[in-house]
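Per-entry structural report
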Amino acid sequence: MNAFLALIARELKLAFRAGGEAMVLVLFFVMVGVIVPFAIGPDRPMLTKLSPGIVWIAAFLSTLLGLDRLFRADDEDGSLTLLRFSVLPLEAIVFGKLVAHWLVTAVPLLLATPILALLLSMSFEQWGRTALALLIGTPALTAFGAIGAAVTVGLRRGGLVAPVLILPLAIPVMIFGVGMMDPMTGGGATLFLLALSLVVTAFSPFAAALALRTAGE
Amino acid sequence: MSVSAVKQPNWFSRLAHPGQFLSWSRYFIWPLAILTVISFAAGLYFSFFASPEDYQMGDMVRVMYIHVPNAWLSMLVYGVMTSAALGSLVWRHPLADVTNKAAAPLGAVFTAITLFTGSLWGRPTWGTFWEWDGRMTSELVLLFIYLGIIALWRAFDDQSKAGRIVAIVTLVGAINIPIIHFSVEWWNTLHQGATVFTSSGPRMPGSMLVALFTMLFAFTFLYALLQIVRMRTEILRRRAETMRRQAALKGVSA
């Protein structure tokens, strides 16, 4: 457990002290939300109607954008090889990195949702539901992303492959996440999204660790 | 009592050895090709001349004889790829990698034909090329998964490593496809009440069934044929690659 917490602490330190990528991701997230009114016009009722979807698309894109930093830097400087021979099994290490990655990339997005809510003229209730949906759904996005990142870690070319692989797989997250907006079916969607998030988070460290082992051979 | 240190390979691993595969699969190509041609000739005859028009759709119903077999193959090919992926991961078998690599573009093409014929069929019967119907949407997502797998194959320099990595993605996709299908159906019923498919309870006359099943077999034979030919090509391509490397190595050391 100590080693696990130490790993998360290391990841958080790295994220906050070097590069400031969390800030850049938040910026990207807000900017995607901001360009949509330029594309479809500043009609407030329409924006209100579309805003949950826009926020989800922005979250999707920024999660995919942040994918690459999950394993690549560690693979390039050799710390991934070291981690593979640490006391923790590789699956636990992947899970730790996943948790840290979620804290660094998804939580700032959640904190930035009020800005988008204001800009896209969301109602307070809409914002609450969207934030809740993102809170439940982003672990699944991160977990799917971990598989994509692990699978493409050894590739010198093809940084674009991971998002293209992951996007179709993550469609259910989007469906249930946006489905939570509907007052009629929202309850069911919430449960489905919770279930999906749990299953994918439990499952993906194994798939990602297998891919990392294969890539490291 | 002496115990042999070398485990005797069973019949399956003997057959699945790439070299063995090259020698025995040769005898399947021509019979399969002839079978494919015959069944296509029969199937096309049945579907164009020996089957009735639909009382509502008229001649358009004949699209079904292309559409349904391709839809069936789009799923069968993913099944083949999934079992090959198990072979790659559990036994690390090179032939399983080759199976996956050979199948992915075929599956993508069958899926694309399904979508294409489906939209041609949809235009006169439902009045639209595309509807966000549950089945159509999952078929589209399946196409994207196939294309992603092809892109992943192409991104790797080292094909033996690519085999196992792609196998992982294939398995993840196999687990996910039912979830995607379920979520899309759920989403679709959320947005529009009645789907197009539930309204038609097709009771086909026998001649249509005959045509449909003949075409089903024809396309499956075609798939088997293309699969074997593509696997042979891939094995030979890998051999040529190895020979080229050895030649280059000799050139360096000489």
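Worth saying up front: this structure is predicted, and the values here are computed from it rather than measured.

Across its full length, chain B carries 8 helices and 0 strands. N-terminal to C-terminal, the α/β element order of chain B is α-α-α-α-α-α-α-α. Scored against the burial criterion, the 254 residues of chain B give a buried share of 36%. Here the contacts in chain B between residues at least 6 apart in sequence split such that 80% fall between residues at least 24 apart.

In this section: the overall build of chain A. Along chain A, the regular secondary structure elements total 10 helices and 0 strands. Sequence-ordered secondary structure for chain A, helices as α and strands as β, is α-α-α-α-α-α-α-α-α-α. Computed over its C-alpha atoms, the radius of gyration of chain A comes to 18 Å, within 12% of the 17 Å expected for a compact globule of 217 residues. Viewed in the frame of its principal axes, chain A has a C-alpha envelope of about 55 × 35 × 30 Å. A burial count over chain A gives 46% of its 217 residues as buried. A fraction of 79% describes how many contacts in chain A between residues 6 or more apart in sequence connect residues 24 or more apart.

At the interface, 22 residues of chain A touch 22 residues of chain B. Its residues assigned to classes, the side of chain A that touches chain B comprises 16 nonpolar, 4 polar and 2 charged.

Let's shift gears to the confidence of the model for chain B. All names here are of chain B. Confidence in the prediction for chain B averages 84 pLDDT; 88% of positions are at 70 or higher. Mean pLDDT in chain B bottoms out at helix α7 (residues 196-199), which sits at 46, and peaks at helix α3 (residues 64-90), which reaches 91. Here residues 191-199 scores under 50 on pLDDT; set against residues more than four positions off or in separate chains, the count is 8 contacts. Predicted complex metrics record ipTM = 0.88 and pTM = 0.88.

Residues and elements named next belong to chain B. Where helix α4 (residues 94-126) contacts helix α5 (residues 134-155), the axes come no closer than 9 Å and their chain directions differ by 150 degrees. Taken together, the axis directions place α4 and α5 in an arrangement best described as roughly antiparallel. In this structure, the crossing between α4 and α5 has a hand that is left-handed. Across from K101, A104, P105, G107, A108, T111, A112, T114, L115 and G118 in α4, the residues of α5 making contact are M136, E139, L140, L142, L143, Y146, L147, I149, I150 and W153. The class makeup of the residues in the contact of α4 with α5 is 14 nonpolar, 4 polar and 2 charged.

It is worth spelling out the environment of M31 of chain A at this point. All names here are of chain A. Locating M31 in the fold gives a position in helix α2 (residues 21-40). The exposed category is assigned to M31, around which 12 C-beta atoms lie within 10 Å. For the pair M31 and P172, spaced 141 residues apart in the sequence, the C-alpha separation amounts to 24 Å.

The next subject is the nonpolar core. A150, A211 and L212 of chain A are the most contacted members of the largest nonpolar core, which totals 122 residues. Setting aside residues up to four positions removed in sequence, L212 of chain A forms contacts with F71, L80, L90, A150 and V153 of chain A.

Turning next to unusual backbone geometry. Backbone geometry follows two general trends: most residues other than glycine have a negative phi, and most peptide bonds adopt the trans configuration. Positive phi outside glycine occurs at S121 of chain A, with the angle close to 45 degrees. The residue S121 of chain A is located in the loop between α6 (90-119) and α7 (124-151) in this model. Phi at R92 of chain B takes a positive value of approximately 50 degrees, unusual for a residue other than glycine. Turning to its location among the elements, R92 of chain B is positioned in the loop between α3 and α4. We classify R92 of chain B as partly exposed; it has 14 C-beta atoms within 10 Å.

Before going further, it helps to spend a moment on α7 of chain A. All names here are of chain A. Taking 1.5 Å of rise per residue, 28 residues should cover 40 Å, and α7 covers 40 Å from first to last C-alpha, within 8% of that figure. Of all bends in α7, the biggest is about 35 degrees, found at G137, and the proline P139 comes one to four residues later. Across the 28 residues of α7, 20 count as buried, placing the element largely inside the fold.

Turning to the confidence of the model for chain A, a few remarks are in order. When pLDDT is averaged along chain A, the result is 87, and 99% of the positions lie at 70 or above. Mean pLDDT per element in chain A: helix α4 (residues 72-76) of chain A is the minimum at 83, and α7 of chain A is the maximum at 91.

As a further point, take the environment of I113 of chain B. Residue and element names in this part refer to chain B. Here I113 lies in helix α4. Among the residues examined, I113 registers 18 C-beta atoms within 10 Å and is labelled partly exposed. Sequence separation between I113 and A162 is 49 residues; the distance between their C-alpha atoms is 27 Å.

Calculation notes
- Residues numbered from 1 in each chain as written.
- Chains lettered and ligands numbered in written order.
- Predicted model: local features only at pLDDT ≥ 70, side-chain atom pairs only at ≥ 80, totals over all residues.
- Helix = DSSP H or I, 4+ residues; strand = E, 2+ residues; numbered from the N terminus.
- Buried ≥ 20, exposed ≤ 12 C-beta atoms within 10 Å, placed from the backbone.
- Contact = placed C-beta atoms within 7 Å.
- Rg over C-alpha atoms; globule rule 2.2 N^0.38 Å.
- Nonpolar A, V, L, I, M, F, W, Y, C, P; charged D, E, K, R; others polar.
- pLDDT = per-residue confidence, 0-100.
- Axes fitted to C-alpha atoms, helices over the stretch in contact; angles between N-to-C directions.
- Parallel < 35°, antiparallel > 145°, perpendicular 65-115°, else oblique.
- Left-handed = near helix turned anticlockwise from the far one by under 90°.
- Core = buried A, V, L, I, M, F, W, Y, C linked by C-beta atoms within 7 Å.
- Expected span 1.5 Å × (residues − 1).
- Bend = angle between axes of the 7 residues up to and from the residue.

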